[in-house]
Every structure is written in structure tokens, then in C-alpha cells.
Amino acid sequence: MIIVKIAIVNDLTGYGDDISTHISNYLEINKIVGEIEVFKSGEEFLKYFESKKFTVVFLDIIMDRISGLAVAKEIRKRSDNLPIVFITAIRDCALKSHEMRNFDYLIKPFKEDRIFDIMNR
């Protein structure tokens, strides 16, 4: 059995929980076995990044200590093919995210159907 492992990295609790809820709904509707782990900082995520073997990461761009772009840069040093979905409220940041070979991005506030579309791909 394949288990989808999803990381959500967002320092704002509400957004991380919202994304987690929408992804849980997607997994349940599509009968996919998955694990979702929410990280409150880029540093916390990077500690577990390699050992957890995530399938996809949803990564906030603007965070307190280390930015999502810096985290993505570190991810790309270790993994060239992990899908990264950036999360941001600022459209200009979403455009910069393409430099990190991101899979997609979410603009806050987002809707569940947008997350479902990303998960379908």
C-alpha cells in the first residue's frame, strides 16, 4: 500500500490547519491513505525533511525566521523532484517561487477546490 506523506510548513496556525483539513477531505473522498504533518517553522521542517520522505510539501513563503524560499533552496539541494506548493498572500512572491522549480502555488485566501485541483495533479 502506498501512503501519501504531506508536509505543511506554515508559521500561522490557522492556515496550516485549514490546509490540513482540506487535504484530509481530499484524501477521504478519494480513498487515499495519507499522513499529514504540520510544521510551525522552516527549521522544524528541515530537521525531519529527509527522514520522513514526503510526497509533497505545502510551504508558506513568508515566515518569521527562515523564509519559504530559503527552505525551498535547501530542499532543492537535497531533492530535485519533491513537489513544492508555495503558499502566499502576495502575488509577486508567487511569481518568485518559480525560481525554485515549484509545482504550484496557493494565494491566500484559498478555496478547497483549488487544493483539490493541486492534489489531483
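Structure's up top.
Conventions adopted
Residues numbered from 1 in each chain as written. Predicted model: local features only at pLDDT ≥ 70, side-chain atom pairs only at ≥ 80, totals over all residues. Heavy atoms only, no water. Helix = DSSP H or I, 4+ residues; strand = E, 2+ residues; numbered from the N terminus. Contact = heavy atoms within 4.5 Å. Areas by Shrake-Rupley, 256 points an atom, 1.4 Å probe, with all protein chains shown as cover. Salt bridge = Lys/Arg side-chain N within 4 Å of Asp/Glu carboxyl O. Buried < 20%, exposed > 50% of the residue type's maximum accessible area, 1.4 Å probe, protein only. Polar contact = N/O pair within 3.5 Å; in protein donor to acceptor, adjacent residues only side chain to side chain. Arc of directions from axis to C-beta.

Looking at the overall build of the protein
- Along the backbone of the protein there are 5 helices and 5 strands.
- Taken from N to C terminus, the helices and strands of the protein fall in the order β-α-β-α-β-α-β-α-β-α.
- For the protein, the proportion of contacts with a sequence separation of at least 24, taken over those separated by at least 6, is 61%.
- Counting only carbon and sulfur atoms, one obtains 51% of the accessible surface of the protein, whose full area is about 6,800 Å².

Describing the pattern of salt bridges
- A full pass over the atoms with the stated rule returns 9 salt bridges.
- Put simply, Glu 74 and Arg 78 hold a salt bridge, and the shortest N to O gap is 3.1 Å. With a gap of 4 residues between them, Glu 74 and Arg 78 both fall in helix α3 (residues 68–78), about one helical turn apart.
- A relative accessible area of 23% means that Glu 74 is categorised as partly exposed.
- On the accessibility criterion, Arg 78 (33% relative accessible area) is partly exposed.
- Ionic pairing is found between Arg 121 and Asp 104, a salt bridge with its closest N-O pair at 2.1 Å. Residue Arg 121 is found in the segment after α5 (112–120), and its partner Asp 104 is found in strand β5 (residues 104–107); the two are separated by 17 residues along the sequence.
- Salt bridges sharing common partners tie together Glu 50, Glu 74, Lys 77 and Arg 78.

A look at the side chain of Asp 104
- For Asp 104, a relative accessible area of 10% corresponds to the buried category.
- Within the structure, the side chain of Asp 104 is placed 2.7 Å from the side chain of Arg 114, a separation counted as a polar contact.
- Ignoring sequence-local partners within four residues, the contact set of Asp 104 consists of Ile 84, Val 85, Phe 86, Arg 114, Ile 118 and Arg 121.

Topic: helix α2 (residues 42–52)
- Residues Gly 42, Phe 45, Leu 46 and Phe 49 constitute the buried set of α2. When α2 is viewed along its axis, its buried side chains cluster within an angular range of 100° and face the same direction. Set apart from the buried face of α2 by more than 90 degrees, the exposed residues are Lys 47 and Ser 51.
- In the core, the buried residues of α2 are packed alongside β1 (4–9), β2 (34–39), β3 (56–60) and α3.

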